[in-house]
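# Reading the structure
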Amino acid sequence: MLEPILQITDLKTHFRDSRTGADIRACDGVTLHLNPGEIVGLVGESGCGKSTLGRTIVGLERARSGSIMFKGQDVLALKGREGAATRREIQYIFQDPLSSLSPRQTVGEALNEALIINGEGNSAARRARTLELLEEVSLPSQLVDRYAREMSGGQRQRVCIARALAADPKVLVCDEPVSSLDVSIRAQIMNLFLKLRDDMGMACLLIAHDLSIVRLAAQRVYVMYLGQIMEEGQSASLYRKPAHPYTQALLSAVPLTNPDEEQSRRRILLRGEVPSPINPPSGCRFRTRCPAKQSECETMPPLMPFEPGHGARCHFTGKVDIVANAAVP
Amino acid sequence: MNSTTMPPLEVDDFTVTLHTPTLSVRPVDGVSYSVQAGEVLAVVGESGSGKTILNMAPLDLLPVGVDAEMKGSVRFEGRDLLNMSTSELEAVRGGGIGVVFQDPLSALNPVRKIGRQLTEGIERHLGLTPTQAENRTAELLTLVGLPDPKSRMQQYPHELSGGQRQRVGIAMGISGEPRVLIADEPTTALDVTVQAQIVELLKDLQKRMGMAIVIITHDFGVVSGLADKVAVMYAGRLSELGSVRDVLIDPAHPYTRGLLQSVPSLTVPMDTKFLGLPGQPPNMAYRIEGCAFAPRCIEARADCHVNRPSLLSVPHSASDRLAACPVIVNQFA
Ligand SMILES: Nc1ncnc2c1ncn2[C@@H]1O[C@H](COP(=O)(O)OP(=O)(O)OP(=O)(O)O)[C@@H](O)[C@H]1O
Ligand SMILES: Nc1ncnc2c1ncn2[C@@H]1O[C@H](COP(=O)(O)OP(=O)(O)OP(=O)(O)O)[C@@H](O)[C@H]1O
Ligand SMILES: [Mg+2]
Ligand SMILES: [Mg+2]
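The structure reproduced in this document is the subject of the present report. Just so you know, the residues in each chain are numbered from 1, in the order the chain's sequence is written. Chain letters and ligand numbers both follow the written order, the letters beginning at A and the numbers at 1. Where local features are concerned, this predicted model is filtered to residues with pLDDT of at least 70; where side-chain atom pairs are given and counted, the filter is 80 or more; whole-chain, interface and lining totals use all residues. Hydrogens and water are ignored here; the side-chain numbers use all heavy atoms of the structure.

Looking now at the sheet that holds strand β7 (residues 180–184) of chain B. Residues and elements named next belong to chain B. Spatially, 8 strands are ordered β6-β7-β8-β3-β9-β10-β12-β11 in an open sheet, and the strand pairing comes out mixed. The sheet terminates laterally at β6 (97–100) and β11 (312–313), the two strands that pair on one side only. Sheet topology note: the strand β3 (residues 40–45)/strand β9 (residues 229–234) ladder contains 5 bridges and is parallel. The partner of Val-44 across the bridge, within β9, is Val-232. Here, residues are in contact when the closest pair of their heavy atoms is within 4.5 Å. Axis angles are defined between N-to-C directions and span 0 to 180 degrees, where every axis is a line fitted to C-alpha atoms and, for a helix, only to the segment in contact. Strands are runs of DSSP state E lasting at least two residues, helices are runs of H or I lasting at least four, and both sets are numbered from the N terminus onward. The strands touched by helix α11 (residues 254–261) are β3, β9 and β10 (237–243); relative to β9, the strand with the most contacts, the crossing angle is about 100°. For two strands to be treated as a pair, DSSP must find at least two bridges joining them.

Structure below.
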């Protein structure tokens, strides 16, 4: 068995509601791992805690409890200079590119700085590497002298990718890294990630809402809902036979490019409000919106194995298909 | 002029040149189209091809300090936005024309509560009392799928997730009940279920209130589910313009074809690589002589590199359709 490069166990990150002081349980007991040279997808509804999880991994939010083991150390316990050095091997690509770029730095200056931090002492080498990075993310070289405000949204997003790659990360946590790119440049960037995975053994946690991209890029996928993992498995198995009703609904909602097929396809539209992470439902967190819920669902289901390496947090794992309208036994 | 037939938005030979201390670029170069009431136009195309500048420059919504020179005309209900005074433009924005920004954070003030930011505009543009405006704000937040709106209104932008902020931006864009909505990539941070809900909401506004919508997007699922017409941009120019069915099912321009072939689906074999167009986008700082796509085009002939192609009508299309490619248009004939 391969030793994971990143092992997250029962991680909880909560916020305080500024008005009432109540606990916002954004990330509420997540266990997941990344193997070296593996791209793992993290998908789930807007607001379910994906960015909170990603930000906690790189130390931008403080965990309440749990552990994040990286190369035999718990990064949550790391401090000072040693912590910074270890953390540098885990890079994060922000969901909001504009707010993570300094308005006072040109593209070239930002990349140069990242290369200095990474220990590249030779300025000619840094300049050469800067141009190489721009080319890798399909940006024309004349953008080196531009400021963030002087670029398009997708150009900024690619600068953030280039900056993260400048650190030669062992683990890349990317939060919607290609969402503002056209599909052709998206393909180039995804192929770059696949190449870094295969050539450098880079591991990557890919947070993305585009399920078709995750399917092609990720060997394994985690599906998150209201702060918890609902289903996990090999992509091949999970996409072919989604076991959790939430995953089934999610996959049925993927829109199709052909307008005729898009009008006529069968899809599950989830009814009901998304519950608040301040007061999540008892038992199964999805039960308030699940078309297949039963009285059993009032108790929290464990992760139930389904196929090898594939399991779901549903009492009826393997017995429910809400899309085909199959009755629950 | 007959107001029942006049399109609320008419863009005519519109060109934008940006001047910086060191260089000039032309991100929008001779673009023309119109959008009828109750019609949805999707603007798609290459990242950096000018989609945001095309839609934001006429409304004076480019970042401060950008020196933009504009030519041609962009008429809102017959009045040219390029000739309007600052105060006239301000009245149009948020009133007749609603805007959803590509970067939701830049549209929101980080140190003010979500609720106040929304109610203010509503009070001003709809002439409501503060209480009415607050109720309307809560309604809007529910419409965009944010439950418990009263407590959301008490939060600051950084306390929201990316997709939640984006939906506040959408609520803001439609809050003034505009007749034209310009939405710049409004669904990039939304999962498929919330996205489906937003698409339904926009369709409803378009049908019920006759809103004209221009939506910039990279998501062809959104295009096929929402739009009537598609405009495809490459290097500041329109390369194809036509009905959704014509353009998505039988694309004419080689760039549109390459783009659509790059869309991954849930049915392609799993061990394939991602398919993209080979080659790099052009350098916009130089004046491009022939077709901007020619260096990457498998159909290109010698004169494609010399003569700038004009938009030609594509024969045998279900509805009117234009493509800037004489080579392909000949093949359709
Ligand atoms: N600083 C904060 N203070 C209070 N609440 C927060 C804060 N950051 C996030 N939250 C809340 O935590 C929950 C999870 O947010 P998170 O940003 O992790 O979601 P996400 O899965 O990344 O969503 P999206 O897909 O929309 O980006 C949300 O309900 C959000 O409102
Ligand atoms: N202030 C500026 N100075 C110089 N060039 C600029 C400036 N702002 C934008 N540009 C350039 O103008 C071109 C068009 O930008 P625009 O933001 O309209 O692209 P876009 O089509 O919206 O792309 P995306 O899909 O990535 O958002 C880009 O190539 C960009 O680099
Ligand atoms: Mg997020
Ligand atoms: Mg843009």
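Before going further, it helps to spend a moment on the coordination of the magnesium ion (ligand 4). Residues and elements named next belong to chain B. For Na, K and Ca the donor cut-off is 3.2 Å; for every other metal, N, O and S atoms count as donors within 2.8 Å. Water does not enter the count, which can leave sites looking incomplete. Donor atoms from the polypeptide that coordinate the magnesium ion (ligand 4) comprise Thr-52 (OG1) and Gln-102 (OE1), at 2.0 to 2.3 Å from the metal. With Thr-52 in helix α1 (residues 51–56) and Gln-102 in the loop between β6 and α3 (104–107), this residue pair connects regions lying 50 residues apart in the sequence. According to the relative accessible area criterion, Gln-102 is buried, its value standing at 18%. In this scheme, a residue with accessible area under 20% of its type's maximum is buried, one over 50% is exposed, and one in between is partly exposed, where area comes from a 1.4 Å probe on protein chains only.

Residue and element names in this part refer to chain A. The magnesium ion (ligand 3) binds to the protein through Ser-51 (OG) and Gln-95 (OE1), with metal-donor distances spanning 2.0 to 2.2 Å. Of this pair, Ser-51 sits in helix α1 (residues 50–57) while Gln-95 sits in the loop between β6 (90–93) and α3 (97–100), and the two are 44 residues apart along the sequence. The two residues Ser-51 and Gln-95 agree in class, both being buried.

The next point concerns the packing of helix α7 (residues 162–174) of chain B against helix α8 (residues 192–209) of chain B. Residue and element names in this part refer to chain B. With their axes 12 Å apart at the nearest point, α7 and α8 run at an angle of 0° to one another. The pairing of α7 with α8 is recorded here as roughly parallel in orientation. Taken together, the residues of α8 that come into contact with α7 (itself represented by Arg-167, Ile-170 and Ile-174) are Val-194, Ile-198, Leu-201 and Leu-205. When an angle is under 35 degrees it counts as roughly parallel; over 145 it counts as roughly antiparallel; between 65 and 115 it counts as roughly perpendicular; any other value is oblique.

Residue and element names in this part refer to chain A. Ordered by their spatial adjacency, 8 strands build an open sheet running β6-β7-β8-β3-β9-β10-β12-β11, and the pairing between neighbours is mixed. Of all the strands in the sheet, just β6 and β11 (304–307) have a single pairing partner and so form its edges. Adjacent strand axes in the sheet meet at a mean angle of 20°, parallel and antiparallel pairs treated alike. In the sheet, strand β10 (residues 228–234) pairs with strand β12 (residues 310–312) via 2 bridges, with the strands oriented antiparallel. The residue bridging Glu-231 from the neighbouring strand is Ala-312, located in β12. Here helix α6 (residues 153–165) sits on the sheet and contacts β6 and β7 (171–175); the angle it forms with β6, its principal contact strand, is near 175°. Contacting β3 (39–44), β6, β7 and β8 (203–207), helix α7 (residues 183–200) crosses the sheet at an angle of about 135° to β3.

In this section: the environment of Ser175(B). Residue and element names in this part refer to chain B. Along the polypeptide, Ser-175 turns up in the loop between α7 and β7. Take Ser-175: its relative accessible area is 8%, and that puts it in the buried class. The spatial distance from the C-alpha of Ser-175 to the C-alpha of Val-99 is 9.8 Å, given a sequence separation of 76 residues. Excluding residues that lie within four positions of it along the chain, Ser-175 makes contacts with Ile-122, Leu-126 and Leu-140. One polar contact links the side chain of Ser-175 to the main-chain carbonyl oxygen of Met-172, over a distance of 2.8 Å. For this analysis, a polar contact is any N or O atom pair within 3.5 Å, provided that within protein one partner can donate a hydrogen and the other can accept it, and provided that sequence-adjacent residues contribute only side-chain to side-chain pairs.

The subject of this paragraph is the site of ligand 1. Among the 21 residues in the neighbourhood of ligand 1, the closest are listed as Ser46(A), Gly47(A), Thr52(A), Ser161(B) and Gly163(B). Proximity criterion: a residue is near a molecule or strand once any of its heavy atoms comes within 4 Å of it. Proximal residues around ligand 1 fall on chains A and B, making this an inter-chain site. Ser51(A) is positioned such that a nitrogen or oxygen atom in its side chain is 2.7 Å from an oxygen atom of ligand 1. Between Thr52(A) and ligand 1, the recorded distance is 2.5 Å, taken from a side-chain N or O atom to an oxygen atom. In this description, accessible areas are obtained by the Shrake-Rupley approach with a 1.4 Å probe, and a residue is regarded as covered only by the protein chains that are shown. Relative to its unbound accessible area of 640 Å², ligand 1 is 93% covered by the protein chains. Looking at the shell around ligand 1, the elements with two or more residues in it are β2 (23–34) and α1 of chain A together with α7 of chain B. When its residues are assigned to classes, the shell around ligand 1 shows 7 nonpolar, 11 polar and 3 charged. Side-chain classes are defined by residue name, with Ala, Val, Leu, Ile, Met, Phe, Trp, Tyr, Cys and Pro counting as nonpolar, Asp, Glu, Lys and Arg as charged, and the others, Gly among them, as polar.

This paragraph deals with α7(B). For α7(B), spanning 13 residues, the distance from its first C-alpha to its last is 19 Å, which sits close to the expected 18 Å at 1.5 Å a residue. Gly162(B), Gly163(B), Gln164(B), Arg165(B), Gln166(B), Arg167(B), Val168(B), Gly169(B), Ile170(B), Ala171(B), Gly173(B) and Ile174(B) are the residues of α7(B) that are buried. The length a helix should cover is 1.5 Å for every residue beyond the first.

It is worth spelling out the site of ligand 2 at this point. Close contacts around ligand 2 come from 23 residues, with Ser152(A), Gln155(A), Ser47(B), Gly48(B) and Thr52(B) the closest. Residues lining ligand 2 come from chains A and B. Ser152(A) is positioned such that a nitrogen or oxygen atom in its side chain is 2.7 Å from an oxygen atom of ligand 2. Protein chains bury 96% of the 640 Å² of accessible surface belonging to ligand 2 in isolation.

Attention now moves to the pattern of salt bridges. Residues and elements named next belong to chain A. We count a salt bridge whenever a side-chain nitrogen from Lys or Arg sits within 4 Å of a carboxyl oxygen from Asp or Glu. Under the criterion given, the structure shown has 29 salt bridges over all chains. The partner of Asp-23 in a salt bridge is Arg-64, with the nearest N and O atoms 3.2 Å apart. A residue pair is termed long-range when its members are at least 10 positions apart, and Asp-23 in strand β2 and Arg-64 in the loop between α1 and β4 (65–70) qualify at 41 residues. Since its relative accessible area comes to 27%, Asp-23 is described here as partly exposed. For Arg-64, a relative accessible area of 48% puts it in the partly exposed group. Here Lys-170 makes a salt bridge to Glu-89, at a shortest N to O gap of 3.8 Å. In this pair, Lys-170 sits in the loop between α6 and β7 while Glu-89 sits in the loop between α2 (80–88) and β6, placing the two residues 81 residues apart along the sequence. A relative accessible area of 38% places Lys-170 in the partly exposed class.

On the side of chain B, 66 residues touch chain A, which itself brings 63 residues to the contact. The buried area of a pairing is the accessible area, by a 1.4 Å probe, that goes missing from both parts when the two are put together, added over both. Counting each side, the surface lost to burial between chain A and chain B is near 5200 Å², with a carbon and sulfur contribution of 57%. Here Arg245(B) ties to Asp260(A) by a salt bridge, and the two come within 2.6 Å at their closest N and O atoms. Where chain A touches chain B, the interface holds 19 residue pairs in polar contact (both at pLDDT 80 or more). Among the elements of the structure, α3, α6, α7, α8 (211–217), α9 (235–240), α10 (245–252) and α11 (259–264) of chain A are those that each provide at least two residues to the side of chain A that touches chain B. Considering each element in turn, the side of chain A that touches chain B owes the most residues, 9 residues, to α7(A). Classifying every residue of the side of chain A that touches chain B by side-chain character gives 24 nonpolar, 23 polar and 16 charged.

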